[in-house]
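Observations on the three-dimensional arrangement
Chain by chain, the residues run as shown.
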Amino acid sequence: MSEILLKNVHLPNGEQTEILIEDGAISRIGSSLGEINDQVIDVCGKYAIPGYYNMHTHAAMTLMRGYRDDMELFSWLKSIWSIEAHLDEEAIYWGTRLACLEMIKSGTICFCDMYFRLDSSAQAIADSGMKALLTSCFLDGGKEAKKLQDRRDCERDFMFSQKWPGSVRFGVSVHAPYTVCEENILWAADFARERGLPITIHVSETENENRDFISSHGISPVRYLEKLKFWGDDVILAH
């Protein structure tokens, strides 16, 4: 068994204490936790706080950070989608590993990710030691063939997720009301709820999105999803 003793630690309430870590997990918090340890670290009064949860990421997109970031959303998406079409499993693995490293450095221990090629992301997360919710993303653009393909991909991803490590959970994501047809929004929600899975979606991300959606549908994206009975305690809204 390996032991690390952290001394002079401040808790959120201001109390100063010690923390004993055994085999990579906190085992005790208190005073005078012992002198025989593999490693003793004096943290000089730094605070120990709960880990952060990042509720919305596209982790592998660290590889595209800064690319055309001066563009309006819809124009930027077209540019990004043309690049993502060329991403393979290795690129997504390393992009996700880089994101995990950056999140660990910030104190983030778990994140909710919306992307594709989930097995590559799951392996990167397992190798990093983090926790995550990986979601199979619907983005059909109203095209019939893509609508059916997204459903098949979701079913396949869910089946493959049964072999993921316990630190990685599976969920379902709908890219946005303007990129996913009504039939697939309903199908995705039913699929998730029948299995007790979380759902995440982009909603009202920009002023233009709201204006265009109201023009084409007569109601806002939020009201539209309410009409579809999409909302629930199991839904994570992004933006």
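The following paragraphs examine the structure supplied in this document.

What counts, and at which threshold
- Residues numbered from 1 in each chain as written.
- Predicted model: local features only at pLDDT ≥ 70, side-chain atom pairs only at ≥ 80, totals over all residues.
- Heavy atoms only, no water.
- Helix = DSSP H or I, 4+ residues; strand = E, 2+ residues; numbered from the N terminus.
- Buried < 20%, exposed > 50% of the residue type's maximum accessible area, 1.4 Å probe, protein only.
- Contact = heavy atoms within 4.5 Å.
- Areas by Shrake-Rupley, 256 points an atom, 1.4 Å probe, with all protein chains shown as cover.
- Lys, Arg positive; Asp, Glu negative; His and termini not counted.
- Charge placed at Lys NZ, Arg CZ, Asp CG, Glu CD.
- Axes fitted to C-alpha atoms, helices over the stretch in contact; angles between N-to-C directions.
- Left-handed = near helix turned anticlockwise from the far one by under 90°.
- Salt bridge = Lys/Arg side-chain N within 4 Å of Asp/Glu carboxyl O.
- Polar contact = N/O pair within 3.5 Å; in protein donor to acceptor, adjacent residues only side chain to side chain.

1. Observations concerning the overall build of the protein chain
When its secondary structure is counted, the protein chain shows seven helices and 10 strands. Out of the 239 residues belonging to the protein chain, those deemed buried represent 41%. Taking all contacts inside the protein chain whose residues are at least 6 apart in sequence as the whole, residues at least 24 apart take part in 65%. Surface accessibility of the protein chain: about 13300 Å² in total, with carbon and sulfur atoms responsible for 53%. Within the protein chain, one finds 24 positive and 36 negative side-chain charges whose respective centroids are separated by 4 Å.

2. Observations regarding the packing of helix 2 (residues 89–106) against helix 3 (residues 118–128)
Two numbers describe how helix 2 lies on helix 3: the axes approach to 8 Å, and their chain directions differ by 35°. The two elements helix 2 and helix 3 meet at a crossing, and its hand is right-handed. Contacts between helix 2 and helix 3 involve E89, I92, Y93, T96, R97, C100 and I104 from the first element and S120, S121, Q123, A124, I125, D127 and S128 from the second.

3. Overview of the side chain of D140
Position of D140 relative to the elements: it lies in the loop between strand 7 (131–138) and helix 4 (144–161). Of the side chains with opposite charge, K146 comes closest to the buried, unpaired D140, at an N-O distance of 7.3 Å. Within the structure, the side chain of D140 is placed 2.7 Å from the backbone nitrogen of G142, a separation counted as a polar contact.

4. Regarding the pattern of salt bridges
Enumeration according to the criterion identifies 10 salt bridges in this entry. Of the charged contacts in the structure, one is a salt bridge between R156 and D157, with a shortest N-O distance of 2.9 Å. When its relative accessible area of 35% is taken as the criterion, R156 is described as partly exposed. The class of D157 is buried, set by a relative accessible area of 8%. Between D234 and R193 there is a salt bridge whose closest N-O contact spans 2.8 Å. Of the two residues, D234 sits in the loop between helix 7 (221–227) and strand 10 (235–238) while R193 sits in helix 5 (residues 182–194), which places them 41 residues apart along the sequence. The partly exposed category is assigned to D234, whose relative accessible area is 24%. Taking relative accessible area as the criterion, R193 reaches 33% and is therefore assigned partly exposed. It is possible to trace a salt-bridge network through shared partners that takes in D153, R156 and D157.

Worth remembering: the numbers are spatial, not functional.
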